[in-house]
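Each chain, letter by letter, is given below.
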Amino acid sequence: MSEVNIPFLDLKTPHRELSSEILAAWKALLESAEFIGGVQVAEFEKAFAAFTGCRHCVGMNSGTDALRIALEAMELPRGGEVVTAANTFIATTEAITQAGGTPVLVDVDPITGTMDPERLRRAITPKTEVIVPVHLYGQPADLNPILELAREHKARVLEDAAQAHGAEYHGARAGSIGEAAAFSFYPGKNLGACGDAGAIVTNDAKVAATARMLGDHGQSKKYHHEMEGYNARLDALQAAALSIKLKHLDAWTEQRRAVAVRYREGLQGSGVAVPLEAAGRKHVYHLFVIRHPKRDAIRSDLLENGIQTGLHYPVPLHLQKPYRKMGLSRGSFPESERWAEHGLSLPMFPGLTDDQIGRVCEVIKNMRLEPAGYGDE
Ligand SMILES: *Cc1c(COP(=O)(O)O)cnc(C)c1O
């Protein structure tokens, strides 16, 4: 194995470029000692609400707690069923369980990897309370049929937008379409903090106010508690860094989209299936996941050439240990299983150069792979 010279993700360069601005903001915070709440948190919440096109943003300490607290603020009844996709990060279902709900999994669309509305239709029961579409890899799930099913069955929609900052669905930004949405600012996300952070956005004033109380020990004012809550507040140091980075997010998104265009050109005729932007959707390429049955061979050839890749995710949720009790064996969700077995996340970050993209494509092309054969490549 050679030394890695094209990383999967470069987190160092943007922080080097922004370090004096971030350090100045942090120095001011050391002087004001306003570490909890305060101006930095309020300003970031206002800016991120505007970014998503939502009336309210409540800063949280992580995307996972944003999901859990949003579900609780939406008054998910104990044991209520919450339907989500089998091909996602476990945080989505952890939050459902932690909020007192019962996770129900459905398979994904073969081309986009997001929740398949037809499979959702079949999974809905009288106990379905909430639907959580995940905007996986940075592409919004197909929300119109999902919203229609939700209306039909009096269910509610919480968007898991942890990977989709700035993505759009028919012109509306991810996070502004469901009743509420959860974002993650984990460092590797398209907008990342310098540590853990997250947020809930919503147009519903009541959901926002309840979420804010729940994240702050159920307090309506200091030491007056409406309910038991959590300590899940957004940290002021993180808020300050996030406000600085948010100003660059649209430019970073355009760079990610340009990288995707170059990959698509460079991989034409290579045999691998490349991610597509579905009609009416703006993909923000948190990840660029190609697919091919020889995924493992591609991954090791790339690594031998100093190119790092990732797997998102190698095991779909229904086959993970905590969910064995669902009784869903291999073969239950063929599309999610195929994404897990054939999906390979190529290096993707703003600033990936044409030369680097060219080298990745060249290594794959040199493998002379048979066409993946899914019918969409
Ligand atoms: C990252 C992520 C989360 C969780 O966010 P954290 O900030 O890491 O807690 C939830 N859902 C999805 C789809 C994610 O990618």
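What counts as what
- Residues numbered from 1 in each chain as written.
- Predicted model: local features only at pLDDT ≥ 70, side-chain atom pairs only at ≥ 80, totals over all residues.
- Heavy atoms only, no water.
- Helix = DSSP H or I, 4+ residues; strand = E, 2+ residues; numbered from the N terminus.
- Rg over C-alpha atoms; globule rule 2.2 N^0.38 Å.
- Buried < 20%, exposed > 50% of the residue type's maximum accessible area, 1.4 Å probe, protein only.
- Contact = heavy atoms within 4.5 Å.
- Areas by Shrake-Rupley, 256 points an atom, 1.4 Å probe, with all protein chains shown as cover.
- Pairing = 2+ DSSP bridges.
- Right-handed = clockwise from strand over helix to strand, strands pointing away.
- Axes fitted to C-alpha atoms, helices over the stretch in contact; angles between N-to-C directions.
- Arc of directions from axis to C-beta.
- Core = buried A, V, L, I, M, F, W, Y, C linked by side-chain atoms within 4.5 Å.
- Patch = residues over 30% accessible without salt bridge, like charges linked within 9 Å, V, L, I, M, F, W, Y side chains within 5 Å.
- Salt bridge = Lys/Arg side-chain N within 4 Å of Asp/Glu carboxyl O.

(A) Representation of the overall build of the protein in the model. Helices and strands together make up the secondary structure of the protein, namely 11 helices and 14 strands. Its C-alpha radius of gyration of 21 Å places the protein within 12% of the 21 Å reference for a compact globule of 377 residues. Each principal axis of the C-alpha atoms in the protein carries an extent, and together these give about 65 × 55 × 35 Å. Here the protein holds 377 residues, and the buried ones make up 54% of them. Contacts spanning at least 24 positions in sequence make up 71% of the contacts within the protein whose residues lie at least 6 apart. Accessible surface computed for the protein: about 16,300 Å², of which carbon and sulfur atoms make up 51%.

(B) Focus on the pairing of strand β5 (residues 156-160). Where burial is concerned, most of β5 is hidden: 4 out of the 5 residues are buried. Pairing of strand β4 (residues 128-132) with β5, which is carried by 2 bridges, proceeds in the parallel orientation. Each bridged residue has a counterpart across the sheet, and for V130 the counterpart in β5 is R156. For the crossover from β4 across helix α6 (residues 143-152) to β5, the handedness is right-handed. Of the strand pairs in this sheet, β5 and strand β8 (residues 180-184) are connected by 3 bridges, and their pairing is parallel. Bridging across to β8, L158 finds its partner in A180.

(C) Spotlight on the sheet that holds strand β2 (residues 81-85). Pairing in this open sheet of 7 strands is mixed, and the strands run β1-β9-β8-β5-β4-β2-β3 from one edge to the other. Among the strands making up the open sheet, the edge pair consists of β1 (56-60) and β3 (102-106). Within the sheet, the average angular offset between the axes of one strand and its neighbour, ignoring direction, is 25°. The strands touched by helix α7 (residues 205-214) within the sheet are β1, β8 and β9 (198-202), with β1 carrying the most contacts at an inclination of about 20°.

(D) Representation of α6. Residues of α6 that are buried include every one of L143, I146, L147, L149 and A150, and no others. Along α6, the residues classed as buried sweep out an arc of 160° about the axis, all on the same side. Each element contacted by the buried residues of α6 is listed here: α5 (117-123), β4, β5 and β6 (168-169). Note on α6: the residue one or two positions beyond its end, K154, has a positive phi of about 50°.

(E) Main features of the sheet that holds β6. Pairing in this open sheet of 3 strands is antiparallel, and the strands run β7-β6-β12 from one edge to the other. Looking at which strands have only one partner, the edges of the open sheet turn out to be β7 (172-173) and β12 (281-282). With 2 bridges joining them, β6 and β12 adopt antiparallel strand pairing. Bridging across to β12, E168 finds its partner in K282.

(F) Quick peek at unusual backbone geometry. Put simply, H312 and Y313 share a cis peptide bond, and its omega is 5°. Positionally, Y313 belongs in the loop between α9 (295-304) and α10 (334-342). For K154, which is not glycine, the phi dihedral falls at a positive 50°. Mapped onto the elements of the fold, K154 is located in the loop between α6 and β5.

(G) Local environment of the nonpolar core. F44, F48, F185, L191 and L242 are the most contacted members of the largest nonpolar core, which totals 30 residues. Of all elements in the fold, only α1 (12-32), α2 (38-52), β8, β9 and α8 (236-266) reach the threshold of two or more residues within this core. Per element, the largest residue contribution to this core is 9 residues, and it comes from α8. Not counting the four nearest positions on each side in its chain, F185 is found in contact with F44, F48, H165, L191, G192, A193, G195, A197, G198, A199 and L242. In this structure, F8, V104, A123 and L136 belong to the second largest nonpolar core, which totals 27 residues.

(H) Molecular detail of the pairing of strand β13 (residues 288-291). What you see with β13 is no split at all: F288 and I290 on one side and V289 and R291 on the other are buried throughout. Inspection of the sheet shows β13 paired to strand β14 (residues 343-346) by 4 bridges, in the antiparallel sense. In the strand pairing of β14, I290 is matched with L344.

(I) How the structure looks around a nonpolar patch on the surface. Residues L30, F35 and I36 make up a contiguous nonpolar surface patch of roughly 320 Å² in combined accessible area. Along the chain, the position of I36 falls in the loop between α1 and α2.

(J) Structural detail: the pattern of salt bridges. Here the structure, examined in full by the defined rule, presents 20 salt bridges. Residue R68 pairs with D65 through a salt bridge whose shortest N-O separation is 2.9 Å. Remark: D65 and R68 occur in helix α3 (residues 63-73); sequence separation between them is 3 residues, near one turn of the helix. Both residues of the pair, R68 and D65, count as buried.

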